[in-house]
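Residue-level structure breakdown
This is what each chain is made of:
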Amino acid sequence: IASPGISSKTLALSIVVHPIRIPEQLDLHAYMWSYWGAPRVVHFRPEAFRDAIRHKANTILDHSVPHPESLGEDGVDEQGHMLKPLNYDNLDWQLDTWNNSFRDKSNRVKFYIFWLAFGNEGYDELRMGIPVGSPRWNTLIAEWFNDIAAHLQERHGMTTDQFAFY
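Note that the coordinates shown come from a computational prediction; the quantities given were computed from them, not determined experimentally.

The next subject is the overall build of the chain. Within the chain, the secondary structure is distributed over four helices and four strands. For the chain, the α and β elements follow one another from N to C terminus as β-α-α-β-α-β-α-β. Within the chain, the proportion of its 166 residues that are buried is 36%. Of the roughly 10700 Å² of accessible surface on the chain, 55% is carried by carbon and sulfur atoms.

Among the nonpolar cores identified, the biggest contains 28 residues, and Tyr112, Trp144 and Leu152 are the most heavily contacted of them. Of all the secondary-structure elements, those providing two or more residues to this core are α2 (45-54), α3 (89-100), β3 (111-114) and α4 (135-156). At six residues, α4 tops the list of elements feeding residues into this core. Non-local contacts of leucine 152, meaning those with residues more than four positions away in its chain, are made with Leu91, Leu95, Phe114, Gly157, Met158 and Phe163.

A cluster of nonpolar side chains, Leu13, Ile15 and Val17, forms an exposed patch at the surface whose accessible area comes to about 400 Å². Checked against the element boundaries, isoleucine 15 lands in the segment before β1 (31-32). On the basis of relative accessible area, isoleucine 15 is assigned to the exposed category, the value being 64%.

Before going further, it helps to examine the packing of α2 against α3. The interhelical angle for the contact between α2 and α3, taken along N-to-C directions, is 50 degrees, at an axis separation of 10 Å. By the criterion of interaxial angle, the relationship of α2 to α3 is oblique. Our pair here, α2 against α3, has a crossing hand that is right-handed. Two secondary-structure elements touch here, α2 through Arg45, Phe49, Ala52 and Ile53 and α3 through Trp93, Thr97 and Trp98. Among the residues forming the contact of α2 with α3, the class breakdown is five nonpolar, one polar and one charged.

Conventions adopted
Residues numbered from 1 in each chain as written. Predicted model: local features only at pLDDT ≥ 70, side-chain atom pairs only at ≥ 80, totals over all residues. Heavy atoms only, no water. Helix = DSSP H or I, 4+ residues; strand = E, 2+ residues; numbered from the N terminus. Buried < 20%, exposed > 50% of the residue type's maximum accessible area, 1.4 Å probe, protein only. Areas by Shrake-Rupley, 256 points an atom, 1.4 Å probe, with all protein chains shown as cover. Core = buried A, V, L, I, M, F, W, Y, C linked by side-chain atoms within 4.5 Å. Contact = heavy atoms within 4.5 Å. Patch = residues over 30% accessible without salt bridge, like charges linked within 9 Å, V, L, I, M, F, W, Y side chains within 5 Å. Salt bridge = Lys/Arg side-chain N within 4 Å of Asp/Glu carboxyl O. Axes fitted to C-alpha atoms, helices over the stretch in contact; angles between N-to-C directions. Parallel < 35°, antiparallel > 145°, perpendicular 65-115°, else oblique. Left-handed = near helix turned anticlockwise from the far one by under 90°. Nonpolar A, V, L, I, M, F, W, Y, C, P; charged D, E, K, R; others polar.

So this is what it looks like as C-alpha cells:
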C-alpha cells in the first residue's frame, strides 16, 4: 500500500474463495416480480423465464388472473352472479410455460401469488359500477374466487395452499 508522502508497506493477504452452490431442491420460496405481458418483456420472455429458473425462482408473482371486470357489465346479473366464463388463456399460458421450463419436474413452481387489483388507484368500486362491500359485490367476488380456485385445481392440479392473492 502506498500513498504520496507516506512510505509504502507490504501486507500479506490470504484469500479463500469457497464455491457457492444453491441446492437443487429449495424448501424456501424464492420469487421474482413478473410482468410477462408488459411490452418491455414480451420480446424476450423465454430468456426471462430461463434466467428466473437459473436463479431458482420457485414462487411466481402473477398479474394474469382474469379480473371480474373482464366479464363486462352484461356478464354479471343483479345479484352478482357471473353469467359468463372467465378467460384463463393468459394465466394458463404463463403457468404452463413456467412449469414446462423446468427440466427437473420435482423443482417446479411451488407457490403462486396473484394480484387482485382491488383498491388500487384509490377507487372504491369495480369499474363496472358495483360498490365494494355491497351484497352484489360480495356475491361476485365469492363466485370469482371459487371459479379461480376450481380452475387452478382442475387445469393445473393446484390446491388452495399453493397460491395466495394480494
